[in-house]
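Descriptive analysis of the structure
One-letter residues, chain by chain:
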Amino acid sequence: MSHFNRQAGKRLTRSLVAAAVGTCLAGIVMAQSTSGSVVGSAKAGTVVTISNDSGFSRTVTVDASGRFSVAQLPIGDYKVEAKGLGSRKVTVTVGSAAGVSFENTLETVTVSGTKLMIDTSSTDVRTVITAKELSRLPLVQSAQAIALLTPGANAGAASYFGGLTSFGGAGVSENAYYVNGYFSGEPLSNLGQFELPYGAIAQQETYTGGYGAKYGRSAGGVISQVGKAGTNKWAYGGQFSLTPAGTRAKAKDSFYPKLALPGDYEYEDKELPGTLYRRNSQNRSESASLSAYVGGPVIQDKLFIFAALEGSSTDSLSVPVNGTAYSTRSSSRDPKAYLKLNWNVSNDHLLEYTYLGERYSSEGTRNAYNFATGVEGAVLSTVPTPVYKNSGYNILKYTGYLTDDLTLSATYGNSRFTNKQVNPSVLPGVPYLSGVTSQNPAIVGSTPIPNIQGAYQGHDGRDNTNGLRADLEWRLNSAHTLSAGIDNIKFVAKNEGDAQVAEYWQYARLGKSGNIDANLGVGNPYSPTNPNGYYVRQLKYFNSTDMSLEQKAWYVEDRWNLSRNFLLSMGLRNDQFTNKNNVGEAYMNAKNQWAPRLGATWDVMGDASLKAFGNAGRYFLALPNNVAIRGASASTYTWQYFTYTGIAANGMPTGLTSVPGIGGAPAPGAVSGNSEYGTPVDVQGFSPKDLKNMYQDEFILGFEKAVSKGWTAGAKFTYRSLKSSVDDFCDRASLAAQAGLTHVKDVAGRHIYKTSDGKQYYVSGCYMFNPGGSNTYSFEQVGGGERLTKKISAAQLGFTEGLKRDYSSIDLFLERNFNNDWGLRVDYTYSKLKGNNEGQVKSEFGQDNISKTQDWDAWQMMEYANGYLFNDRRHQIKVRGSYQFAQDWMITGNARILSGTPVSCLGYYNPDGKIDEGSAAGDPISYGAAYHTCLGKISRPGDVRTPWTYRIDLGLQFRPKALDDKLAVTLNVFNMLNQQRVTQYDVTSETGPYTISNTFMRPMSRQSARSMTLNVSYDY
C-alpha cells in the first residue's frame, strides 16, 4: 500500500471511530464514577468482545444501526475484538467513552481513550490527570495541587483552610470529594478530604461544572480520585521523596506596618510600627515520604489485589512572633494504607472492596526564645498541642450486567474519624496570654511578659459516615439510555467542638477615651490610676456537642441522541437534608429540593473535529454538621473586662477592677455578643421551618476544535449565580421590632420581650435565615403556651441589597497531547466574582463556622459589602508541559501567572467619619472592627488587591531505557524564581475604637520560598 493510501486509511479510520463515538453517546457515565465506557460501530449482527488484563470480558452484538456500547467498565486498557473483523486496543478513562470502529479494516488502530479526537461524549467540564501524567509533572504531592491544574481553579485563602481550592467563585467548603466513588470529605465541615497515597492514584478527575443529575452536593468543584487495581500480572514498586531543609530558600522576615493614620486614630502601641514582627528567615522545614505497592492475581482471571503503603513526615522549626517567648519544633507523621480487592464473580457480576486508612499525628517541643536576639534557649516543659487524627474507610461496590441493555451498580461505604487535640502539659495555674505587646509599660517596662502556656483549648471529636448509592441504567436502544438511582449518606458526630483547659487573658488598650463596647454596656477603662486606657479581658469558651446530618437524594436521567451527531441529556434530582442537634431535635429539615439538569453536545462536522456543548443546572448544598456548634446546641462564649494594677511573673493580671458600665453604671460582668451563656437553645426559634438550603444555578457554553495533528483548542463561557444562602444573623433588636416586641428584661442570659397585649416571649441572640429572602420566625412564650410566629423578610431586617454572588468567566485553552516526545497545555481564564456573600466561610480571617460567619449578623455588617469577593481573580494563565529531549532524559514544567485578589478593610461602623466609634452606633452588634468601613471611610471589597504572582516549577527526570523505564530519578524545583509576593494581608484595622491594630495590613502569607524535591521511584 502506498504512503498516500496508508495515511488516507488512518484518517478514514479515525473519522469512523469519531462517528462511532458520536452515535453511541447515550451509554456513558459521568462525574464521580469509577468506570468508563466503550462505544463503537461495526456491521450489524457482529459479535464484539471487550476484555482487559484482569480476566474480565463482555460480549455484545452490534445492533441494526451498526452501533454498540458497553457501560460501567472498570478503567484501564482493553482489547476490543469484532468477530471476523480484527481487534483494536483502547484505554478506558473514568467518566469517558472510548471509541472504536470496525467499519474500515485497512489496519489496526490503537485508540487511547478519545485522545485522537475531540471527546463528543460529555456535556460536563472536567480535567482528568492520569498516573502517567503525575509521574511526569513537577507537582506537590497532593490532591489540591493536582486540582489547581484545572482551568479557573483558584487557590483559596493562603493563610487558612489548609490550602483548599476554590472553583468557579465558590467558597472552599462548597466542593465535593470522592475516593473510589465514596464520599471522602472531612465529615464535620467539609473542609478538605482523605487523599489516596500518591502512588496509588490511577486517575484524578476534577469537575468544575455541568455534571448530570446523578451527582450533586457541590456548588464549587468535585475532586474524585480513583485508585489502582491489580491485574493478571504481578507488579510491585515504590518511591522515595525528600525535600531537604537546606534546599529551601529563606523566607522574608515580617515587620509591623507603618501607615499614615487619620487624625483621630493612633496605634495600639506607638513604638511598634516599622519594627520586627517575626524572623521568618529562621523557620526551617524538611519533609520526606516513602511508599511501596504490590498488585497482582490472587486467583488468575478471578480475584485480584492491589495494596499500597505510604509514610510521610515533616520536621520543622517555627520561630515566634513578637510577644511569645518560645520557638516550636514539631514533627508530623502521616502513614496511609490502601487496599483494593477485585473479584470477577462472573463476566456479568463484579465485586470491588476498598479499604483506606490514615493515622496522622503531630507532636513537638518548645524552646525558650529571646526575641530581641533571635537566639533559642533550653527546652521548656510545655509542648505544642499534640494532634492525633485517625480515619478509616470500607467501600464495597457491586456491578451487575443484568442483560446486554440493563446495568446495576451499587456502592456502600462507611467511615470513622477521630480528631483529638489535647495538651497534657498545660501548666497548672498559668494563663494563656494574648495581646502581650499591649501590656501597660508602666508595669512591665519595655519587656512585656510573654505567653508560656502551651494551649487553652482541647478537642476530642469522633465522626462516622454511612452511605449507599445505587444506579440502574437501561439502554433502550443505541440512541437512548434511561438512568435512575438513589444517593444517600448519614453523618454522625460526637463531642465535636472545643473545651477550654486553661484561663485565657487578652491585654489591650483603648486608644481614645470612650467606651470599650457601648452596645454590651462595657464602659470606659480610663481613670486617674489608669490614664492611658490599658485593660485586660478574660475569655470563657466551651462549645463541644453532638450532632447528625442525613442527606438523601434520588434522580432520573434521560440521555438521548436526537441524531447521529447531537446528544441531549435531561435529568432531575431531588435532594433532602435533615440536620439534628445533640438531643436529636431537627433544626433543618429540607425536603423536595428539585434540581433540574440539562446538557447537550453537538458533533458539528460529524467527525469529532469540532464539538459545541452547553449545559444548565441547579445544585443544592446541605448545612454541614458543624452548624450545630455554637448554633443549634448550647455554648458559652463570654468576655469580662478589667483594669489592673500589676502583672504576676506568669502573666496573670493582678489588682483587677471591673471596667464600669456606660456613664459610670455598675460593671456588666461577663458579656456575650451572641448571648452565648451556656443556656439551652430553642431549636424551633433558632432555625425557621421554611429555611431553604443553599443552591446555585449554573450555565455553560463552549466549543472544542481539533486545529491540527495532535493539537486541540477550545473556549468556554461559564455563569454561576447564587440564588439562596444560609447564614445566621444576631441583630435581636431589629428582629424584635419587626415582630412587634419590646424589651422587658434579661434573666439568666435569656432575653424577654412582650407584645402589645402583654404576653412575654424569649428572643434569642442569633437565628438562622436566608439572606435576601423571607423566613417565618418562632418565639417561645415565657412559661409555656402558644408560640408567636412572624414572617419577616431580610429587607425588613435592614438587608436592603439582598443576596448576591455572581461568577462569570471565559476559559481558553490550547493543548498538544504528549506522544512520546513532548506535550503542552496552555490555559487562560478571565473571570469576575461580584457580590456580598463569599459562601459558607469568611476567608479574610479564616472564619470556618460554616454558614455562621459574621457576615449577615446585622445589617450594618453588610452595608458596603457588595464588591469583588475574596476568591475573585481577574486573570489566570497556566502552562504545563514536558519534553523528552534525549532518550533517557525529560524536562517538565508547570507555570502559573495570576493577578491579585481583593483585599478588604474591616473597622468600626463609621462610614463618614462622623459616628463616635465608642458609642453603640459605632459597634451596634459588639463585634469590634468587623464592618466594611475603615478609618472613617467606606471600604468596599476589591478597592485594593494583592499583587500579581508568578510561579515556575521545573522538573528534570532521568529514566534509563536500559532498565526498561522501571527506574526514575526526578529533581523538582518549586518556585524557581523564588518570588515571595504577598498573597494575603491582615485586614482587621482596629483593636478598639480609634485604636489601630499594630498588625493591620501586615502580610499574613507570601508565596512559598524556593524549594527542591528529589524523587526516586522503581516500578517492576
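Higher on the page you've got the structure.
Residues numbered from 1 in each chain as written. Predicted model: local features only at pLDDT ≥ 70, side-chain atom pairs only at ≥ 80, totals over all residues. Heavy atoms only, no water.

This part covers the packing of aromatic side chains. Counted under the stated rule, the structure contains 39 aromatic pairs. Ring geometry for Phe56 and Tyr401: centres 5.9 Å apart, planes at 35 degrees, overall tilted. Of this pair, Phe56 sits in the loop between β2 (47-52) and β3 (57-61) while Tyr401 sits in strand β25 (residues 387-401), and the two are 345 residues apart along the sequence. Judged by its relative accessible area of 1%, Phe56 falls in the buried class. Aromatic side chains Phe729 and Phe769 sit 4.9 Å apart centroid to centroid with 65 degrees between the ring planes, which places their arrangement in the edge-to-face category. Placement of the pair is Phe729 in strand β43 (residues 727-729) and Phe769 in strand β47 (residues 767-769), with a sequence separation of 40 residues. Of the two residues, Phe729 and Phe769, both sit in the buried class. Between the NZ or CZ atom of Arg630 and the centre of the ring of Tyr637, over which it lies, the distance is 4.4 Å. (Phe/Tyr/Trp six-rings, centres within 6.5 Å; stacked < 30°, edge-to-face > 60°. Helix = DSSP H or I, 4+ residues; strand = E, 2+ residues; numbered from the N terminus. Buried < 20%, exposed > 50% of the residue type's maximum accessible area, 1.4 Å probe, protein only. Lys NZ or Arg CZ within 6 Å of the ring centre and 35° of its normal.)

The next point concerns empty space enclosed by the protein. Evaluation of the coordinates by the stated rule reveals 12 cavities of 30 Å³ or more. The space that makes up the largest cavity amounts to roughly 350 Å³. The wall of the largest cavity is formed by 29 residues, among which Phe183, Arg217, Ile489, Phe491 and Gln551 lie closest to the centre. Counting only elements with at least two residues in the lining of the largest cavity, the list comes to β12 (176-179), β13 (182-183), β28 (457-477), β29 (480-496) and β33 (545-563). At 4 residues, β29 tops the list of elements feeding residues into the lining of the largest cavity. Looking at side-chain class alone, the lining of the largest cavity contains 14 nonpolar, 11 polar and 4 charged residues. (1 Å grid on protein atoms, 1.4 Å probe; cavity = no way out; pocket = protein on both sides within 12 Å on 5 of 7 lines; lining within 4 Å. Points joined across faces, edges and corners; volume = space filled by probe spheres on them. Nonpolar A, V, L, I, M, F, W, Y, C, P; charged D, E, K, R; others polar.)

As a further point, take the pairing of strand β23 (residues 349-370). Bridge analysis of strand β22 (residues 326-346) against β23 gives 18 bridges, and the strand direction is antiparallel. Pairing of Ala337 across the sheet is with Gly357, part of β23. Connecting β22 to the next strand, β23, in antiparallel fashion are 2 residues. Sheet topology places β23 next to β25; 14 bridges connect them, and they run antiparallel. Across the sheet, residue Tyr355 finds its bridge partner in β25, namely Asn394. Where β23 and strand β24 (residues 375-379) come together, 3 bridges link them in antiparallel fashion. Bridged to Asn370 within β24 is Val375. (Pairing = 2+ DSSP bridges.)

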